[in-house]
Amino acid sequence: MRGGGAPVPYSRVGPAPGIFRNGEVVSMKPGKKVVVIGSGVGGAGIAALLQSRGHEVTLLEKNGYHGGKCSSFVKDGYVVDSGVHMYSMGPSGPLGMLNRRVGGDLEWCVANPMSDIISSGRVHMLAYQNQFDPRGLLENLKAVALDKRITKEGMHDASKRMRLLEKETYRAAKRMRPREVLDAAARIARRDEALLSELDGITLQEFAHQVTDDFGLLGTLATLCMVLLVVPYTLASAGEFLWCYASIYRNRSLGVPRGSAREVPGSYLRAFLRAGGEFRLGCKVKGIRVENGRVLGVESAEGEFFPADVVVSNAGIKRTLELAGEDNFPPEYVAYVRGLRYSYSFITVKYGLARRVVDVGAPSFFNKPHVHPDHMFDYIDEGGVPEDPLLFVPMPSEWDPFVAPVGKQLLIMGVPGPSEVTPEKVEQCERILDRAEDKLYELFPAVRDNAEWKMRTHISHTAAITGKPTGECIGLAQCVGQTGLAKPSCRTPVEGLWLVGTDAGARGVGTEQAAASALYLAGLLDA
Ligand SMILES: Cc1cc2nc3c(=O)[nH]c(=O)nc-3n(C[C@H](O)[C@H](O)[C@H](O)COP(=O)(O)OP(=O)(O)OC[C@H]3O[C@@H](n4cnc5c(N)ncnc54)[C@H](O)[C@@H]3O)c2cc1C
């Protein structure tokens, strides 16, 4: 296995939520004036944590609603996630941990089986939280047998061609010996940080090719990687992916919050307000005031000045530099931040269904593409549409019946797309969603006939939520060079200015990374 990439300046990592390195802690006496910019999971989380420890926190949010990308809206009696979310560790991960620390009221819906996996358009397999659940093992055997039968029926000429290509592709691949594989698997399951740091230096594709040439397994990894990190496995950091994957199976509590996505930051905000924090909605920060390398406070678009000892920004690392003025940072830090890249997007169609149309035995389903794993997501950068789209389809009303009117069903379909918002990419998103809808109707024709309403949300909607020129799903891409030791630190070169959210300080899947970043930063500021 190859060694990890060289750590970049200004980066520090929180290997697990709340754990930090010696020497980094800035013990802050209670009573400091803190301004937090943005009420995403990270911003709401750090505001609640610092207020609960006796600081005087003001939280400013530019939108008229809370939660950033993790928000929801109400339509015709349905409570609809503005994105498309499932939470890989539910109550057992950093989201639950933060909620407990601040005395929040968040409740979770956890299901087993958690998902139905549709592969080759016909084979259904139920996925269980425990990989060794005997029901899951039986499902696996059933799926393999069915897959074989379909192949025998000659359904997959394309599959034969792909296997030839596969042989070519993997001919030169280096292999590990079985004992090495077992040893590495055990260390990954334990989330051994030394091994994962090493694996941060190679892509998941490189790692996978060293272990297997099985087309099905590689396809599963490529699919899962896009769902968890929203980066193709050809770019994603192997260490980051394996940390996230191992965490799901260690915790076995993948789920969704009761009441939809907005309840995650909502619970933190209620705790924040109970502890006496001040929260202003519709208050856009126009600039962060810095003098002699130290933060002084923030200025709103209406011209109000909020003085502060500490400013924590949840607006993203690139936007934070713009707000504070690039001249206030060392040139090499500015160059470093400019070079960071964002994740890809998930774009969605939401359906309010007049009756319970989809009944697959689990509250979500996936369509696993039958496409060569190394090229599964090439269509995104090529400006095209997927041949066989990856569909990520949670059915929120199957997890939590109260998010839809009685007897009706809410279904949200997500499909990977580009992140930069340009007229061409927006038009590409529409084409990708046309293709994804065709696939969904092929699988479940009754969805088309029973839709009371449907709605598309894609990159321009996400960009409008965050105020960025991009509509990426996660935040910074968890690709090689941007994870583990190479993840940007919560600390910035400006004294008193800190970052929180998916752009700094932690590992994990989207919202969980944002909560872990808040826990990590709270540890740094207030050990
Ligand atoms: C379609 C989609 C699907 C997703 N699926 C999943 C999933 O299944 N599981 C998962 O865990 N994650 C998922 N995510 C990712 C997850 O939602 C995000 O990674 C996470 O919510 C980001 O949180 P954050 O704290 O970093 O900040 P953000 O959500 O980006 O919030 C930043 C906040 O700062 C505010 N702000 C910005 N600038 C200013 C300013 N100048 N003044 C005041 N306020 C400002 C914004 O309005 C916003 O409220 C998904 C995201 C999308 C879009």
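Residues numbered from 1 in each chain as written. Predicted model: local features only at pLDDT ≥ 70, side-chain atom pairs only at ≥ 80, totals over all residues.

1. With respect to the overall build of the chain
Phase 1 of the analysis: When helices and strands are counted, the chain shows 18 helices and 19 strands.
Phase 2 of the analysis: Looking at the chain as a whole, 52% of its 527 residues qualify as buried.
Phase 3 of the analysis: Restricting the contact set of the chain to residue pairs at least 6 apart, pairs at least 24 apart contribute 75%. (Helix = DSSP H or I, 4+ residues; strand = E, 2+ residues; numbered from the N terminus. Buried ≥ 20, exposed ≤ 12 C-beta atoms within 10 Å, placed from the backbone. Contact = placed C-beta atoms within 7 Å.)

2. Digging into the nonpolar core
Phase 1 of the analysis: I46, C225, F241, V311, L411, A518 and L521 are the most contacted members of the largest nonpolar core, which totals 144 residues.
Phase 2 of the analysis: Counting residues per element, this core draws most heavily on helix α18 (residues 510-525), which supplies 10 residues. (Core = buried A, V, L, I, M, F, W, Y, C linked by C-beta atoms within 7 Å.)

3. Here's the deal with the site of the ligand
Phase 1 of the analysis: Lining the immediate surroundings of the ligand are 40 residues, of which G38, G40, G68, G501 and G510 lie closest.
Phase 2 of the analysis: Sorting the residues of the shell around the ligand by element identifies α1 (41-52), β14 (345-353), α17 (459-466) and α18 as the ones contributing at least two each.
Phase 3 of the analysis: In terms of residue count, α18 provides more of the shell around the ligand than any other element does, four residues in total.
Phase 4 of the analysis: Class assignment for the residues of the shell around the ligand results in 14 nonpolar, 20 polar and six charged. (Near = placed C-beta within 6 Å. Nonpolar A, V, L, I, M, F, W, Y, C, P; charged D, E, K, R; others polar.)

4. A short note on the sheet that holds strand β10 (residues 285-291)
Each strand in a sheet pairs with its neighbour through backbone hydrogen bonds, running either in the same direction (parallel) or in the opposite one (antiparallel).
Phase 1 of the analysis: Strand order across the open sheet formed by three strands is β10-β11-β12, with antiparallel pairing between neighbours. Each end of this open sheet is capped by a strand with a single partner; those strands are β10 and β12 (305-307). Pairs of neighbouring strands in the sheet enclose a mean axial angle of 25 degrees, with direction left out of account.
Phase 2 of the analysis: Here strand β11 (residues 294-300) pairs with β12 via three bridges, running antiparallel. For V298, the partnering residue across the bridge sits in β12 and is F306. (Pairing = 2+ DSSP bridges. Axes fitted to C-alpha atoms, helices over the stretch in contact; angles between N-to-C directions.)

5. Section: the packing of α1 against helix α10 (residues 263-274)
Phase 1 of the analysis: Remark: α1 packs on α10, axes separated minimally by 8 Å, with the N-to-C direction vectors making an angle of 25 degrees. When the axis of α1 is compared with that of α10, the two are roughly parallel. Judged by the sense of rotation from one axis to the other, the crossing of α1 with α10 is left-handed. Side by side, α1 and α10 meet where V41, A44, G45, A47, A48 and Q51 of the first sit next to V264, P265, Y268, L269, A271 and F272 of the second.
Phase 2 of the analysis: Of the residues that constitute the contact of α1 with α10, the class distribution is 10 nonpolar, two polar and no charged. (Parallel < 35°, antiparallel > 145°, perpendicular 65-115°, else oblique. Left-handed = near helix turned anticlockwise from the far one by under 90°.)

6. What to know about the pairing of strand β16 (residues 391-394)
Phase 1 of the analysis: Alternating residues of β16 divide into L391 and V393 and F392 and P394, and every residue in both groups is buried.
Phase 2 of the analysis: In the sheet, strand β15 (residues 364-368) pairs with β16 via four bridges, with the strands oriented antiparallel. Within β16, the position partnered with N367 by the bridge is L391.

7. A look at the sheet that holds strand β19 (residues 497-499)
Phase 1 of the analysis: Spatially, the five strands line up as an open sheet ordered β9-β2-β1-β13-β19, and their pairing is parallel. Edge strands, defined here as strands with exactly one partner in the open sheet, are β9 (278-280) and β19. Shown here is a sheet whose adjacent strand axes are inclined to one another by a mean of 20 degrees, direction ignored.
Phase 2 of the analysis: Inspection of the sheet shows strand β1 (residues 33-37) paired to strand β13 (residues 310-313) by four bridges, in the parallel sense. Its bridge partner being in β13, V36 is matched across the sheet by V312.

8. What to know about unusual backbone geometry
Phase 1 of the analysis: For the peptide bond that leads from N112 to P113, omega is 0 degrees, which places it in the cis range.
Phase 2 of the analysis: Here P113 shows up in the loop between β5 (108-110) and β6 (115-119).
Phase 3 of the analysis: Of note in this structure, D76 is not a glycine but carries a positive phi near 50 degrees.
Phase 4 of the analysis: Here D76 shows up in the loop between β3 (72-75) and β4 (78-81).
Phase 5 of the analysis: Residue D76 is classed as exposed on the basis of its C-beta count, with 11 C-beta atoms lying within 10 Å.

9. Things to note about the packing of helix α8 (residues 215-229) against helix α9 (residues 238-251)
Phase 1 of the analysis: Here α8 crosses α9 at 85 degrees, and the two axes come no closer than 10 Å. Relative to α9, α8 is oriented roughly perpendicular. Residues L224, C225, L228 and L229 of α8 form the contact with α9, whose own contacting residues are E240, F241, C244 and Y245.
Phase 2 of the analysis: Among the residues making up the contact of α8 with α9, the classes are represented as seven nonpolar, no polar and one charged.

10. As for the environment of I202
Phase 1 of the analysis: Within the element layout of this structure, I202 appears in the loop between α6 (193-199) and α7 (204-211).
Phase 2 of the analysis: The sequence separation of I202 and G239 amounts to 37 residues, and the corresponding C-alpha distance is 7.9 Å.

11. Considerations on the confidence of the model for the chain
Phase 1 of the analysis: Residues with a pLDDT of 70 or more make up 88% of the chain, whose mean pLDDT is 89.
Phase 2 of the analysis: The low-confidence segment residues 1-23, where pLDDT is below 50, has 58 contacts with residues more than four positions distant or belonging to other chains. (pLDDT = per-residue confidence, 0-100.)

12. So, the pairing of β13
Look at any regular strand and the pattern is simple: side chains alternate between the two faces of the sheet.
Phase 1 of the analysis: The side-chain alternation of β13 yields two buried faces, one formed by V310 and V312 and the other by V311 and S313.
Phase 2 of the analysis: Bridge count for β13 against β19 is three bridges, and the pairing is parallel. In the sheet register, V311 faces β19, and the bridge partner there is L497.

13. Observations concerning the environment of G501
Phase 1 of the analysis: Along the chain, G501 turns up in the loop between β19 and α18.
Phase 2 of the analysis: Given 33 C-beta atoms within 10 Å, G501 falls into the buried group.
Phase 3 of the analysis: For G501 and S39, which are 462 residues apart along the polypeptide, the C-alpha to C-alpha distance reads 10.0 Å.
Phase 4 of the analysis: Residues within four places of G501 in sequence aside, it is in contact with G40, G42, G43, N314, G316, G475, A514 and S517.

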